[in-house]
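The residues making up each chain are set out below.
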Amino acid sequence: MTITTTVNGVEHTVDVPPAASLLTLLRDELGLTGSKNACEQGECGSCSVWLDGELVCACLVAAVQADGRTVRTVEDLGGADRLHPVQEAFVAAGAVQCGFCTPGFVVAVADLLECDPHPSDDAIREALAGNLCRCTGYSKIVAAVHLAEGTAA
Amino acid sequence: MTVLTRRGRVGESATRVDGVPKVTGEYMYGSDLHAEHLLWGVTVRSPHASARICRIDVAGAARAAGVACVLTAADLPAARTFGLEFADQPVFADGVVRYSGEPVAVVAAETLEQAQLGADLVSVEYEPLPAVTDMEQALRPDAPLVHELGNVLRHVHIRHGDGADADAEVWVDGYYETAMQDQAALGPEGGLAVPAADGSVDLYVATQWLHVDRQQIALCLGLPEEMLRITLAGVGGAFGSREDIHMQIHACLLALRTGRPVKIVYGREESFHGHVHRHPSRSWIRYGAMRDGRIVAADVRLLLDGGAYASSSGPVLGNAATFAAGPYEVPNVLVEATVVYTNNPPCGAMRGFGAPQVCFAYESAMDELAAKLGFDPLELRLRNAVRTGSVLPTGQVLEGPAPVREVVERCRAVPVPPEEPREGRDAIAYPGGAGNVGRGEALKRGVGYAVGFKNVAYSEGFDDAAEATVTLRPSAEGPVAVIRTAAVDYGQGLYTVLAQIARTELDVDEVVFEPSSTDSGSAGSTSASRQTTMSGGAVLGACREIREALVGGQLEEAISRTFTYHHRPTTGLDEEGQGRPHVSFSFAAVRAVVEVDEELGLVRVVQLAAAQDAGRVINPQGAEGQVEGAAAMGLGLALTEEIQLADGAIRNASFTDYLIPTILDVPPIVSEFVEEPEPDAPYGVKGIGELATVAVTPAVVAALRAATGRALNRAPVRPDDLVGIEPSLRTSGRPPVPDVPGQRPIPEYHGLGLGQQQLMKARE
Amino acid sequence: MSGPSPGTLAEALEARAAHPEAVPIAGGTDLMVAVNFGRLRPEALLDLSGIAELAAWQRRDGAVRIGAGATFAQIASDLGEFPPLVQAARAVGSPQIRHRATIGGNLATASPAGDALPVLATYGGDVLLASVRGERRLRWDEFLVAPKRTALAEDELIVGVEWPVVDGPGSFAKVGTRNAMVIAIASVSLQLDTQARRVCIALGSVAPTVVRAPEAEAFASDALDWDDPQRPLPETVAREFGALAAAAAHPIDDVRGSAAYRRRAVDVLARRALAWAADDWRKAA
């Protein structure tokens, strides 16, 4: 099926298999491999993206459901020459180890800070309950959120 | 932002060298790789734990749309098996399958979907055979044999002093179990094999040791090692699950057959089947002590379930056995430790490598002993703790620092968080978290301690050296250090540490890394908490040689030095388990504060405090991160993580039912470091990454016992155990000690190929 | 099938009738899991997520009607007057899941562990269905037939749920082995109807479908002092209620939990839910 979707500000018209996920579309069709597939079932949050401005797991969105909609991924937050404050905070706080969960966390944290610019620790943990990390034990991720809230625009 | 360019030296919290590409999503993991005209590979796996393969029909699959190639054991060109220690694991099951999930065939097709459909069309006729799925059953004479050489893979016997016959005034006798844990690295297995016109292959893969992969893969491809070049792809965590071969041989075979690049990535479900797990354990442990608190005897029977293939079960057992009496001065020790083959999924390396299983047993037994003696649990540890100069049950003298007392005191000194008010909390601040199950009912706090220890680097005579090449290059902006190492950084921050060492030794700010590949010599595995010592030592050595070459002169052209770092030699175990099996040791003390909802058996961990013997901390922020992550993994084994098997098949191969801790499950973690430098180690470092995993599990369970009064002799503890539905585990007694030719893994006595051992010998 | 996804319910029903092979999808939080694991390979999907009228909710004639497309995020933020529903919504997964998962999806999947289902059962709600042939409604227990099986006809879509607005406190609680992102081992939804003087309780994950506990309800409805909210709830009443609720459960042992623990959990959760309701009622009065 042919769909037209705007990803990171660029409109794409793509042919997709009927039940392919948005994650597959992003990674395999559009080469945007920043969003990761770690669980295939929306448990881990590594594929977190924005669909029409709402935080979702791309693996649970069918590609056809992105037709006529806008998608925003980690690649849109910032590049190496101009990092988003959340990205900077993750590096500075030591919240990145293997990094596989990091894009998903960065998107989820950016989303959190847009809704709640100064979240409590409890609010942070509840908001990030759907993002799994195996390397960090989460402590420095919480620290990164606090660091980012101080510098976020 | 200046913090991102914190090009720190040794001792500073230098910014991660690979942090920026990871936060932007540009960092390429094995599962992100792409090549033009690539084919996707999908593996066909056995659903049976034990079966004969009567027939494989690939015709339907081969004809399917988009399918380029289907391979089975019939298509293997050279060596048909591989393995880290012994080449006992078939590339494809050959006439018989020995575990549920074992690869039987592989299909390559134009799209992933076509490959999956093709895989569904591979028709395999199985005749199920009797399976042995219990580790004690495996020892019985009438048990089905997994391999012809028998179900005992290794037995280690250690006898020190009078063994178990010592006189003691008080004895405790306990039985403890730990479940099969999974590394559950977020990044799944993945890689890309690209064939070249001359019959060689380039493999890009997420792994832990490039060279030992190459050795095994080349033998199975029938290629000389120079015709297989392995370049490291980004690794999304490993924790032991990338030490064994996963998709590498399959992808290379397909690539060579089809002449096209082949990409294989495991989904989460397949990932559970595609790598080894932590050995489940059963421990029978007796401690004998005098009333004044001196432990005089330890008597341990340990059993590990190795699953269907050897992997690194031999060394895991050796490790576990040598640590089984705990970090205590015990003059009389008997350890009988066995790892068996079963038709369960293969087990191998996982963070801790045998130490977590025995730590749970000995620390639980220590608490029993303390209670029986009327001693404070920590006082009992302090009374008996080893120190520099102590003799371990293997006869090895603890030569380096052994600050057990210091780590215990530092841990104890961490303030315990004050009790929160019972009522009025946000719903998620009660045990049960987001489930809204309580408003403060039946809450009970508990505090528990555990002390653990582990070795650094490889043991029992294995010379796991590490090579690194450093080049100092002049440039307009100042000298640049270039590091070339085959060492894998799979998240722990090794490359950052190596950069810090180079900056310190060469007084430069700029450090760049060349890609890690088999173009360099082996750096050994990223495991056993060894790389800061080993690759750190190699970089340090190369830098020092560069400095010597530069003495007095200016840097006019690039200077390059390659250094191979060796740790001090170790020995194997003699017939009484005596020797000098380990390079060095490090120790940790952990305290867990938990809150239990006693009616529902749900747990909220309030705080974990870990005091660790680190030798020298190269990067404080990085070291904390390692302790925090290790602690979370230990917490998982204590509370929620268990691979559940039914007749040898994994029932919970997904993240919905294999539960790793979420951010709502892991509390704030306080880490303390005791720095007493290890002699002969670069900067005096010790390994950091595993100890908290070892000691957190028993600390959490001890805290749960304190809160509930329940015996709790199994990890993970389930709600059933905490509310008392589930009675304490019973055992029908210690399994018999098998009759074995010696201390080495049994396959060695049958002259089987020695895997990575061969690699090391070949280099001499 | 190709072409734009339906923008109205009428379009969706036409498409459903014309293309029965197209699998309806809204939030996809159950469906896409099956697709990703290769258990389902739909030839086509019927995307319902763009139909605004399906996500609406309204109060009318003493009843509340919630569209099948209402997500748990919307429910959690907009439907605060129904605490059990909001608590169930908040207990669902993560923000990512809550932004997509719908109450209609919970119904269509019909898992005994679906978080909104005990709430629906507590209210004795109806499931609203529609097709090109017209509309109908089924009571929740007529719709939820068996584990993962419903009475939905092949050409039908779930349009919403409806239940009478009830005056009184209530709650939802679910037990899982870790503190977030769990499929319920056991769940309990309770509602006090102070007008009708009834206690309603439904249990999840402890039977083939969600069930009510009529004996427990009759006992508590009778035992509560409806004339005097300030009168504390006797401990014995709460305990008996819990025991009766547990007796209504028929749990099994499975990979997530044991039957014995599930019964125990229902006992505790039911007892607590009644105590909380009595407490909340006392404070509100």
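Residues numbered from 1 in each chain as written. Chains lettered and ligands numbered in written order. Predicted model: local features only at pLDDT ≥ 70, side-chain atom pairs only at ≥ 80, totals over all residues. Heavy atoms only, no water.

For the rest of this paragraph, the subject is the side chain of Arg268 of chain B. Its location among the elements puts Arg268 of chain B in helix H7 (residues 268–274). Despite its burial, Arg268 of chain B pairs with no opposite charge; the closest candidate is Asp182 of chain B, at 5.3 Å N-O. Here the side chain of Arg268 of chain B touches Ala185 of chain B through a polar contact of 2.9 Å, landing on its backbone oxygen. Those residues within four positions of Arg268 of chain B in sequence are excluded, and the remaining contacts are Ala38, Cys39 and Glu40 of chain A together with Ala184, Ala185, Leu186, Gly187 and Phe655 of chain B. (Helix = DSSP H or I, 4+ residues; strand = E, 2+ residues; numbered from the N terminus. Buried < 20%, exposed > 50% of the residue type's maximum accessible area, 1.4 Å probe, protein only. Lys, Arg positive; Asp, Glu negative; His and termini not counted. Salt bridge = Lys/Arg side-chain N within 4 Å of Asp/Glu carboxyl O. Polar contact = N/O pair within 3.5 Å; in protein donor to acceptor, adjacent residues only side chain to side chain. Contact = heavy atoms within 4.5 Å.)

Our next topic: helix H2 (residues 85–92) of chain A. Residue and element names in this part refer to chain A. Most of H2 is tucked away, with seven of its eight residues classed as buried. Looking at H2, one finds that the buried residues are Val86, Gln87, Glu88, Ala89, Phe90, Val91 and Ala92. Trailing H2 by a residue or two, Gly94 shows a phi angle of about 75°, which is positive.

The next subject is the confidence of the model for chain B. Considering every residue of chain B, the mean pLDDT works out to 95; 98% of them sit at 70 or more. Contacts of residues 757–764 of chain B to residues separated by more than four positions or lying in other chains number 16 contacts, the stretch itself having pLDDT below 50. (pLDDT = per-residue confidence, 0-100.)

Residue and element names in this part refer to chain B. Within this structure, the stated rule accounts for 14 cavities of 30 Å³ or more. There is about 200 Å³ of room inside the largest cavity. Lining the largest cavity are 18 residues, and of these Phe82, Gln89, Tyr99, Ile245 and Gly274 sit closest to its centre. Partitioning the lining of the largest cavity into residue classes produces 10 nonpolar, six polar and two charged. (1 Å grid on protein atoms, 1.4 Å probe; cavity = no way out; pocket = protein on both sides within 12 Å on 5 of 7 lines; lining within 4 Å. Points joined across faces, edges and corners; volume = space filled by probe spheres on them. Nonpolar A, V, L, I, M, F, W, Y, C, P; charged D, E, K, R; others polar.)

Often, the extent of an interface is quoted as the loss of accessible area on bringing the components together. Residue and element names in this part refer to chain C. Examined at the domain level, chain C breaks down into domain 1 (52–164) and domain 2 (170–284). Computed over C-alpha atoms only, the centres of domain 1 and domain 2 are separated by 21 Å. With 23 residues of domain 1 in contact, the opposing surface of domain 2 contributes 22 residues. If you sort the residues of domain 1 by the area they bury against domain 2, Pro112, Pro118 and Thr122 come out on top, with a joint share of 32%. (Domains from an automatic or database assignment. Buried area = accessible area lost by both parts, 1.4 Å probe.)

What follows is about the interface of chain A and chain B. Listed as interface residues are 50 residues of chain A and, on the opposing side, 64 residues of chain B. Contact with chain B buries area across many residues of chain A, yet Gln97, Arg125 and Arg134 of chain A alone supply 19% of it, more than any other trio. The tally of links between chain A and chain B comes to five salt bridges. If you look at where chain A meets chain B, you find 28 residue pairs in polar contact (both at pLDDT 80 or more). If you list the elements that add at least two residues to the side of chain A that touches chain B, you get helix H1 (22–29), H2, helix H3 (102–115), helix H4 (121–127) and helix H5 (139–151) of chain A. Looking at the side of chain A that touches chain B element by element, the count peaks at five residues for H2 of chain A. Looking at the side of chain A that touches chain B, its residues break down into 23 nonpolar, 15 polar and 12 charged.

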